[in-house]
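Observations on the model geometry
What follows is each chain in one-letter form.
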Amino acid sequence: MLASLRRARIVPCKLAAQLRATSRMPVRLDGPSSVVRWSHYASLSMAANTCSCPPGSAKFLQSSYATAGKKSALPDGLEFYESGTAGNKAVILIPDVWGWDSGRVRAVADLLAENGYYALVPKLLIPNLEGGTDGDGLPPSFDFGTRGAEFGPYIKQITWAALKPKIGSLLQHLESVHTPSTGLFGFCWGGWALFHACADFPGKFAAGVIFHPSVHLEDFVYGGSSKALAERVHTPVLLMPVSADPDMYRPGGHVIEALKANNAASETTTDFAAQQHGFSIRGDISNPDTKAAVEGALQKALEYCAKHL
């Protein structure tokens, strides 16, 4: 595994156009000129907390690497992390329940920027709980093992009705800088928000990618139907579930089948079934198998963007 990682080529920014043309150049987390350098990730340490759903998910990951982008705010007060050049094709990253500074989410934004995209990570999980993580979502100390019963009542406050104007505000910003096309990345809970965004802003998003999706929160927290929600999504979406995620995301499941019925370009992959839920931005990449999976997931996401944005 490590040998194959060493042999893999790098995707530097200057080859972004070639990536879009070929979609065959592997992402690496190491190497002197890699898109997201290993040194960025090496400074991300694992904290002793477990994730929301399902049991056995990747733990909270504390981010401490030096970002390439910056924090910004729109005139209406919406804060977001941005990386890359405004006016390029854009990707909005909707993070997991630890919010806009959870684990590697800003590093993934920097990866997108290095590949020619304008990446934005909005601060959406307001109100936060006990100060959140950099003011957003759950605090780093939140332990689902001992406080899991508090999660449902907390996250239920973060309704789509409250989020929709924020996504609309981001779209207005992107229109103001003449963004040619926009995609969405969703991580865990962010996948639920991604579905709502695609459903309520038809034609605004060229593609979506969901890492270890938690769209089923629509059923179990928000009192709706994940099937009905999926049936309203006409954007092509790539799903990357792990084995612990519900069957609805795998071939034959009602979510992926509804997506494919609306758009044949939607797809799901079982390539990362062996990983923990949350692996893409919270997985411990000192484990070579996890590191390879993170690289593989990011590569698939870049290829999907190259094809559809």
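Small disclaimer: the values here were computed from a predicted structure and weren't measured.

**Notes on the overall build of the chain**
Each helix and strand counted, the chain has 12 helices and 10 strands in total. Relative to its full complement of 309 residues, the chain shows a buried share of 59%. At a minimum sequence separation of 6, the contacts of the chain that also span at least 24 residues come to 71%. Here the chain has roughly 11,600 Å² of accessible surface; of this, 53% comes from carbon and sulfur atoms.

**Remarks on the pairing of strand E4 (residues 79-83)**
Of all 5 residues in E4, 4 are buried; the element is thus mostly enclosed. The sheet contact formed by strand E3 (residues 70-73) and E4 spans 4 bridges and is antiparallel. Residue pairing in the sheet places alanine 73 in a bridge with glutamate 79 of E4. Connecting E3 to the next strand, E4, in antiparallel fashion are 5 residues, including glycine 77 with a positive phi near 100°.

**Digging into the nonpolar core**
In this structure, Leu138, Ile155, Ile167, Trp189, Phe195 and Phe205 are the most contacted members of the largest nonpolar core, which totals 53 residues. Listing elements by their share of this core, those giving two or more residues are strand E5 (90-94), strand E6 (118-122), helix H5 (144-155), helix H6 (160-176), helix H7 (189-200), helix H9 (226-230), strand E9 (237-240) and helix H10 (254-262). The element that contributes the greatest number of residues to this core is H7, accounting for 8 residues.

**Here we look at the sheet that holds E9**
Taken in spatial order, the 8 strands of this open sheet run E3-E4-E6-E5-E7-E8-E9-E10, and their pairing is mixed. This sheet does not close on itself; its edge strands, each paired only once, are E3 and strand E10 (267-268). Relative to E6, E5 runs parallel, the two sharing 3 bridges. Each residue of the ladder has a partner; that of valine 91, found in E6, is alanine 119. H6 contacts E4, E5, E6 and strand E7 (182-187) of the sheet and is inclined by roughly 155° relative to E6.

**Overview of H10**
Where H10 is concerned, the buried positions are Val255, Ile256, Ala258 and Leu259. Across the axial projection of H10, the buried residues extend over an arc of 160°, all falling on one side. In this structure, the buried side of H10 is in contact with H7, H9, E9 and E10.

**Focus on the confidence of the model for the chain**
On average, residues of the chain carry a pLDDT of 84, and 81% of them reach 70 or more. Long-range and interchain partners of residues 1-25, a stretch whose pLDDT sits below 50, account for 55 contacts in this model, where long-range means more than four residues apart. Between residues 31-53, whose pLDDT stays under 50, and residues either more than four places distant or in other chains, the model counts 76 contacts.

**Re the packing of H6 against H7**
Where H6 meets H7, the closest approach of the two axes is 10 Å, and the angle between their N-to-C directions is 70°. Judged by the inter-axis angle, H6 sits roughly perpendicular to H7. Considering the relative orientation of H6 and H7, their crossing is right-handed. On the side of H6, the interface is formed by Trp160, Leu163, Lys164 and Ile167, while H7 contributes Trp189, Trp192, Ala193, His196, Ala197 and Asp200. Here the contact of H6 with H7 is built from residues that sort into 7 nonpolar, 1 polar and 2 charged.

**Things to note about the packing of aromatic side chains**
Counted by the stated rule, this structure contains 5 aromatic pairs. Relative to phenylalanine 211, the ring of phenylalanine 185 has its centre 5.5 Å away and its plane inclined at 70°; by these criteria the two rings are edge-to-face. Remark: phenylalanine 211 occurs in strand E8 (residues 207-211) and phenylalanine 185 occurs in strand E7; sequence separation between them is 26 residues. On the basis of relative accessible area, phenylalanine 185 is assigned to the buried category, the value being 2%. When the centroid spacing of 5.9 Å and the interplanar angle of 40° are considered together, the rings of tryptophan 189 and tryptophan 192 count as tilted. Placement of the pair is tryptophan 189 and tryptophan 192 together in helix H7, with a separation of 3 residues, close to one helical turn. Assessed through its relative accessible area of 1%, tryptophan 189 is described here as buried. The class of tryptophan 192 is buried, set by a relative accessible area of 1%. The structure contains a cluster of three or more aromatic residues connected by ring pairs, namely Phe185, Phe187 and Phe211. Across from the ring centre of phenylalanine 201, 6.0 Å away, lies the NZ or CZ of lysine 164, which sits over that ring.

**A look at unusual backbone geometry**
Looking along the chain, the bond that leaves isoleucine 126 and enters proline 127 is cis, with omega of 10°. Mapped onto the fold, proline 127 is located in the loop between E6 and H5. Although it is not a glycine, glutamate 130 sits at a positive phi angle of roughly 55°. Counting through the fold element by element, glutamate 130 comes out in the loop between E6 and H5.

**A word on the side chain of serine 72**
When you line up the elements, serine 72 lands in strand E3. Contacts of serine 72, omitting those with residues within four sequence positions, involve Leu78, Glu79, Phe80 and Glu82.

Reading the values: rules and limits
- Position labels on residues start from 1 in each chain and follow its written sequence.
- Note on the predicted model: pLDDT of at least 70 is required for a residue's local features to be given, and 80 or more for side-chain atom pairs to be given and counted; whole-chain, interface and lining totals, by contrast, use all residues.
- Side-chain numbers come from the whole structure's heavy atoms, not from hydrogens or water.
- Counting from the N terminus, the helices are the DSSP runs of H or I reaching at least four residues and the strands are the DSSP runs of E reaching at least two.
- Exposure classes here rest on a 1.4 Å probe applied to the protein chains alone. A residue is buried below 20% of its type maximum, exposed above 50%, and partly exposed in between.
- For this analysis, residues touch if any pair of their heavy atoms sits within 4.5 Å.
- Residue burial considers only the protein chains on display, and all accessible areas are found by Shrake-Rupley using a 1.4 Å probe.
- Should DSSP find at least two bridges between two strands, the strands are regarded as paired.
- Remark: nonpolar core denotes a set of buried residues (Ala, Val, Leu, Ile, Met, Phe, Trp, Tyr, Cys) joined through side-chain atoms within 4.5 Å.
- Axis definition: a line fit to C-alpha positions, over the contact stretch in the case of helices; interaxial angles, taken between N-to-C directions, run 0 to 180 degrees.
- By definition, the arc is the one covered by directions from the helix axis to the C-beta atoms.
- Per residue, pLDDT measures the predictor's confidence, with a range of 0 to 100.
- Any angle that falls under 35 degrees is termed roughly parallel, while one over 145 is termed roughly antiparallel, one within 65 to 115 roughly perpendicular, and all others oblique.
- Two helices crossing with the near one rotated counterclockwise from the far one by less than a right angle form a left-handed crossing, whereas a clockwise rotation gives a right-handed crossing.
- Three classes are used, and their members are as follows: Ala, Val, Leu, Ile, Met, Phe, Trp, Tyr, Cys and Pro are nonpolar, Asp, Glu, Lys and Arg are charged, and the others, Gly among them, are polar.
- Only centres within 6.5 Å qualify two rings of Phe, Tyr or Trp (six-membered ring in Trp) as a pair; their planes then separate them into stacked at under 30 degrees, edge-to-face at over 60, and tilted for everything else.
- A positively charged side chain is recorded as over a ring if its NZ (Lys) or CZ (Arg) lies within 6 Å of the ring centre. The angle to the ring normal must also be within 35 degrees.

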